[in-house]
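Single-letter residue listing:
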Amino acid sequence: MRRLESGLLFSLLLISSIFIPAFADDEKDVNEHVLVTATRLEDAGVAKSDVPAHVTVIDREAIEKSGARNLQDLISQEAGVVLIDQVGNDVQKSLDLRGFAGDEGLAVFVDGARINDPRNNVAALEQIPLNAIERVEITRGPSAALAGGGSEAGVVRVITRRGTSPSAAIAASGGTWNTWRVDGSYGDHYGKFDLFVSGAYDTTDGFRPNSGGDQKRFDANGGFDLGGGRRLGLLLTSSSLDYGNPGALTLAEFHADPTQNTFNLLDNSNVDQRQASMTFQGPVGAGFSVATTLGFRNDKAKTLTTGRAAPTFGGFFLDADADTWSLVAQASREFKSGDGSHLLAFGLEGLDGSSDDTGFSTPPADPGTYDPNAPSSSNTAKTRNAAIFAQDSWTITSRWNVMAGVRGDSSRVSYDETIAGPASGQTTFDQISPRAGVTFHPSVAVDLYASYADAFLPPTAEQLYAFPGFGSNPDLKPEDARAFELGTRSRGRIGSLEAALFWTTTKDEIIFDPTPTATDPFGRNVNAGETARRGVEVSGRGTIGRGVSAFANATYTDSSFTSGPNDGNEVPLVPKWRLAAGVDAALPRGFGLRADALYVGSQVLDNDPENAQQRLPDYTVVNVRLSWERSLGTKRGRVQVFASALNLLDETYATRGIYALDFSTFVNEVFVTPAPGRRYLAGIGWRL
């Protein structure tokens with residue numbers, strides 16, 4: 001029945017997409033030529049219409065119209081995307097794409113440099129100021145042949161802005177819960193040099209006790225024109241975040257008052273992140289073009305965790321310092337032949353990440369304090385990865401394109417505990433990841449594609465070694481995913497439509513089993529056998545009237561265990577249905593109105609592979625934004641004023657639910673993480 005439902009839906013969408021171009025007046029209306037990054041680094045761009053995958057591009061204009069306040073909110077309404085807040089402050093949110101929750105299957109790159117934490121694969125998207133972003137590319141589906149491990153769900157690429165022309169902007173806004181923001185940017189070029197800088201400062205009291213904080217972000221992107229189309233660039237990013245972590249509530253507490261916080265009044269995160277990336281791009285002779293990215297990243301995090309365990313066990317203060325070096329080098333060349341043309345790209349990638357963590361137990365009588373001279377744990381986790389990759393994009397005719405690639409990875413994860421012991425070990429994982437796809441253009445306005453790809457995710461140091469007796473399992477195997485995808489894209493006078501039918505099977509998926517055993521009284525990480533994620537994604541956008549544009553997307557995901565003790569059960573934290581729609585209207589006298597809505601279906605709780613507990617309820621969120629813009633003249637720029645209402649209907653909901661031990665009662669309980677209620681924002685800005 002599930003397969004029939006998905007098949008019928010996809011068939012209807014396929015038929016619809018083919019008919020859309022009938023509304024086009026001429027070829028110009030439908031010949032959309034968007035270049036995207038189809039290789040590991042952005043070098044020789046490939047037309048989006050030739051890529052055998054569901055790809056979304058969010059350009060600078062769309063970013064400015066969105067009114068989003070961070071990268072997570074910007075992409076939250078795209079097909080297949082679900083945001084999950086694990087800490088409860090509505091800032092440090094993780095991303096679920098195609099049913100892979102908690103960042104476990106998503107690789108994120110900023111100008112080619114990976115920003116995922118090598119220790120746990122988490123990507124802190126909130127560190128990147130939106131003013132610094134030129135465009136965002138979301139490529140769905142397993143991408144290990146390009147990105148390596150941790151890309152079972154797909155890849156998010158962030159391309160930053162450059163100072164290719166004079167530009168400047170400044171804005172200030174404020175609203176509910178004493179929320180304030182100031183941000184600005186400046187860009188220009190000086191002969192052969194170009195420079196773009198941006199920054200933002202945010203502060204809020206938060207919607208729950210201990211959910212507030214502040215964040216400072218800065219970005220500088222400079223480049224030097226070496227001539228002949230070659231550019232040497234340097235990107236510097238900095239983020240300092242200090243926020244409370246109000247955590248989750250029991251269901252009874254949530255229903256009584258979702259804004260309360262009793263047990264997590266001291267918990268907080270203080271995170272400093274610095275990253276530098278040096279890039280080179282351009283032709284080097286003999287028809288070859290080379291792109292390289294050398295990156296260094298430093299993360300310092302101080303985290304205090306107390307919560308419900310504090311009266312009995314006290315709290316825990318973690319001081320972490322992580323350094324990551326990465327290098328990617330890619331060469332590409334186009335070859336003409338009698339049977340069309342080939343765009344060949346090949347290269348190598350290396351990563352070396354090390355994290356030194358020192359932990360301090362805090363006393364039950366005063367869980368917010370610790371003795372800096374008496375650490376209770378000290379450990380070092382290291383991740384090293386080396387890879388080679390190659391890909392060929394073969395344009396056979398104007399109607400047919402074949403893309404194929406392969407990548408080989410060798411990963412080593414090690415852990416050494418010098419105080420608490422004896423938690424230590426080292427494991428090496430080797431993986432070959434192929435991908436292949438074909439795209440057919442029956443007309444200038446329609447693309448049909450089919451693809452296959454592999455992906456993998458090695459277990460982290462924490463999952464393997466860090467917490468003996470509290471979940472770690474040194475016998476864990478890497479997750480291994482295989483995926484098939486069928487899709488269509490069409491472009492017409494009134495807009496565009498994309499649809500994709502995907503099927504991803506994962507072997508040895510790593511989950512946490514909370515069932516107590518004699519050796520693991522608090523549960524354990526285990527390989528859960530096989531899982532399958534099958535679904536349909538549909539995205540449409542276009543013009544529905546003079547000055548009025550709209551978008552809508554729908555995602556249906558059927559995720560289930562297909563072997564092992566939970567065979568037939570749903571995978572936790574994967575909603576079956578996710579719907580989003582919005583409209584932008586240009587009104588008279590410089591006014592504009594944007595309204596959007598997001599529906600997310602119910603989900604199985606985290607840590608509940610047995611599907612024995614009640615589900616996390618579905619929710620709907622509606623946002624409205626009214627703006628007014630006026631030109632001050634060609635050289636004086638434009639001024640804009642806006643007012644917005646987020647969660648206009650004041651929906652009471654939670655983005656995450658988990659079945660876990662309540663340390664205040666020592667009984668397993670259902671916990672949910674509340675999301676903010678209705679709030680208002682207003683601001684003014686100027687840009688050149």
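Structure report, in brief. Quantities reported herein were computed from a predicted structural model and do not represent experimental measurements. (Residues numbered from 1 in each chain as written. Predicted model: local features only at pLDDT ≥ 70, side-chain atom pairs only at ≥ 80, totals over all residues. Heavy atoms only, no water.)

### As for the overall build of the chain
Then, in step 1: Counting secondary structure elements, the chain contains eight helices and 36 strands.
Then, in step 2: A compact globule built from 688 residues would reach a C-alpha radius of gyration of about 26 Å, and the chain, at 25 Å, matches this within 12%.
Then, in step 3: Projected onto the principal axes, the alpha-carbon positions of the chain cover approximately 75 × 55 × 55 Å.
Then, in step 4: The buried share among the 688 residues of the chain stands at 55%.
Then, in step 5: Here the analysis covers contacts within the chain between residues at least 6 apart in sequence; of these, 65% occur between residues at least 24 apart.
Then, in step 6: Taken as a whole, the chain presents about 28,400 Å² of accessible surface, with 60% of it coming from carbon and sulfur.
Then, in step 7: Here the chain holds 62 positive side-chain charges and 83 negative ones, and the gap between their average locations is 7 Å. (Helix = DSSP H or I, 4+ residues; strand = E, 2+ residues; numbered from the N terminus. Rg over C-alpha atoms; globule rule 2.2 N^0.38 Å. Buried < 20%, exposed > 50% of the residue type's maximum accessible area, 1.4 Å probe, protein only. Contact = heavy atoms within 4.5 Å. Areas by Shrake-Rupley, 256 points an atom, 1.4 Å probe, with all protein chains shown as cover. Lys, Arg positive; Asp, Glu negative; His and termini not counted. Charge placed at Lys NZ, Arg CZ, Asp CG, Glu CD.)

### Re empty space enclosed by the protein
Rolled over the atoms, a probe as big as a water molecule pinpoints where empty space is left.
Then, in step 1: Counted according to the given criterion, the structure contains ten cavities of 30 Å³ or more.
Then, in step 2: Put simply, the largest cavity is a space of about 350 Å³.
Then, in step 3: If you trace the largest cavity, you find 26 residues lining it, with Arg114, Pro118, Asn121, Gly149 and Thr383 closest to the centre.
Then, in step 4: With four residues, the single largest contributor to the lining of the largest cavity is strand β21 (residues 400-417).
Then, in step 5: Of the residues assigned to the lining of the largest cavity, the class counts are nine nonpolar, ten polar and seven charged.
Then, in step 6: In this structure, the second largest cavity encloses a volume near 160 Å³. (1 Å grid on protein atoms, 1.4 Å probe; cavity = no way out; pocket = protein on both sides within 12 Å on 5 of 7 lines; lining within 4 Å. Points joined across faces, edges and corners; volume = space filled by probe spheres on them. Nonpolar A, V, L, I, M, F, W, Y, C, P; charged D, E, K, R; others polar.)

### Structural notes on a nonpolar patch on the surface
Then, in step 1: On the surface, a cluster of nonpolar side chains totalling about 890 Å² of accessible area is made up of Leu226, Leu232, Leu234, Leu236, Met278, Leu294, Trp325, Leu327, Leu348 and Ile388.
Then, in step 2: Those elements giving two or more residues to the nonpolar patch turn out to be β14 (230-244) and β18 (315-337).
Then, in step 3: At three residues, β14 tops the list of elements feeding residues into the nonpolar patch. (Patch = residues over 30% accessible without salt bridge, like charges linked within 9 Å, V, L, I, M, F, W, Y side chains within 5 Å. Salt bridge = Lys/Arg side-chain N within 4 Å of Asp/Glu carboxyl O.)

### Remarks on the packing of aromatic side chains
Then, in step 1: Taken as a whole and assessed by the stated rule, the structure comprises twelve aromatic pairs.
Then, in step 2: Ring centres of Phe313 and Phe666 lie 6.1 Å apart, and the angle between their planes is 75°; on these two criteria the pair is classed as edge-to-face. With a gap of 353 residues between them, Phe313 in helix α7 (residues 310-313) and Phe666 in the loop between β34 (654-662) and β35 (667-674) connect regions that are remote in the sequence.
Then, in step 3: On the basis of relative accessible area, Phe313 is assigned to the partly exposed category, the value being 47%.
Then, in step 4: By relative accessible area, which is 45% here, Phe666 ends up partly exposed.
Then, in step 5: Their ring planes at 25° and their centres at 4.4 Å tell us that Tyr619 and Tyr653 sit as a pair that is stacked. Here Tyr619 is found in strand β32 (residues 619-631), whereas its partner Tyr653 is found in the loop between β33 (638-646) and β34, with 34 residues between them in sequence.
Then, in step 6: Using a relative accessible area of 4% as the deciding quantity, one classes Tyr619 as buried.
Then, in step 7: Judged by its relative accessible area of 12%, Tyr653 is buried.
Then, in step 8: Linked through ring pairs, Phe317, Phe360 and Tyr370 together constitute an aromatic cluster.
Then, in step 9: Above the face of the Phe100 ring, Arg533 is positioned so that its terminal group lies 4.0 Å from the ring centre.
Then, in step 10: Sitting over the face of the ring of Phe642, Arg625 holds its NZ or CZ atom 4.2 Å from the ring centroid. (Phe/Tyr/Trp six-rings, centres within 6.5 Å; stacked < 30°, edge-to-face > 60°. Lys NZ or Arg CZ within 6 Å of the ring centre and 35° of its normal.)

### Let's talk about the pattern of salt bridges
Then, in step 1: Counted by the stated rule, this structure contains 39 salt bridges.
Then, in step 2: In this structure, Asp202 and Arg181 form a salt bridge, with 2.5 Å as the shortest nitrogen-oxygen distance. In this pair, Asp202 is assigned in strand β12 (residues 193-204) and Arg181 in strand β11 (residues 179-190), connecting sequence segments 21 residues apart.
Then, in step 3: One salt bridge connects Asp662 with Arg308, and the closest N-O pair in it is separated by 4.0 Å. A residue pair is termed long-range when its members are at least 10 positions apart, and Asp662 in strand β34 and Arg308 in the loop between β17 (288-305) and α7 qualify at 354 residues. A single burial state applies to Asp662 and to Arg308, both of which are buried.
Then, in step 4: Here the salt bridges share partners, and the residues they tie into one network are Arg40, Glu349, Arg407 and Asp409.

### Structural notes on the sheet that holds strand β7 (residues 113-114)
Then, in step 1: Strand order across the open sheet formed by five strands is β3-β8-β9-β6-β7, with mixed pairing between neighbours. Looking along the sheet, the strands with just one partner apiece sit at the ends: β3 (55-58) and β7.
Then, in step 2: Sheet topology places strand β8 (residues 133-140) next to strand β9 (residues 154-160); seven bridges connect them, and they run antiparallel. Opposite Thr139, over in β9, you have Val155 as the bridge partner. (Pairing = 2+ DSSP bridges.)

### What to know about the sheet that holds strand β15 (residues 249-250)
Then, in step 1: Strands sit in the order β15-β35-β34 across an open sheet of three strands; the sheet is antiparallel. Every interior strand has two partners, whereas the edge strands, β15 and β34, have only one.
Then, in step 2: Two elements, β15 and β35, share two bridges in a ladder whose sense is antiparallel. In the sheet register, Leu249 faces β35, and the bridge partner there is Val672.

### Quick word on the pairing of β18
Then, in step 1: Sheet topology note: the β17/β18 ladder contains 18 bridges and is antiparallel. Its bridge partner being in β18, Arg297 is matched across the sheet by Thr324.
Then, in step 2: Turn length for the β18-strand β19 (residues 340-362) hairpin, with the two strands adjacent in sequence and antiparallel, is two residues.

### A look at the environment of Phe512
Then, in step 1: Secondary-structure assignment places Phe512 in strand β26 (residues 510-513).
Then, in step 2: Phe512 sits 98 residues away from Glu610 along the chain, and the two C-alpha atoms are 12 Å apart.

### Some details on the pairing of strand β16 (residues 268-285)
Then, in step 1: Where β14 meets β16, 14 bridges bridge the pair, whose relative direction is antiparallel. Along β16, the bridge assignment pairs Leu232 with Phe280.
Then, in step 2: Pairing of β16 with β17 involves 17 bridges; the strand directions are antiparallel. Its bridge partner lying in β17, Gln273 is registered against Asp299.
Then, in step 3: If you look at the hairpin formed by β16 and β17, you'll find two residues sitting between the two strands, and Ala286 has a positive phi there, around 60°.

### Some points on the nonpolar core
Then, in step 1: Within the largest apolar cluster, 26 residues are counted, with the highest numbers of intra-cluster contacts made by Leu71, Leu74, Ile133 and Val136.
Then, in step 2: Taken together, the elements giving at least two residues each to this core come down to α4 (71-75), β4 (81-84), β5 (94-97), β6 (106-110), β8 and β9.
Then, in step 3: Ignoring sequence-local partners within four residues, the contact set of Ile133 consists of Arg60, Ile63, Leu71, Ile128, Val158, Ile159, Thr160 and Arg161. (Core = buried A, V, L, I, M, F, W, Y, C linked by side-chain atoms within 4.5 Å.)

### Some details on the side chain of Glu570
Then, in step 1: Assignment of secondary structure puts Glu570 in the loop between β29 (548-561) and β30 (577-586).
Then, in step 2: Its relative accessible area of 12% is what places Glu570 among the buried residues.
Then, in step 3: The residues contacting Glu570, other than those within four sequence positions of it, are Ser559, Ser560, Phe561, Lys576, Val604, Pro609, Asn611 and Arg615.

By themselves, these are just geometric observations and shouldn't be taken as functional.
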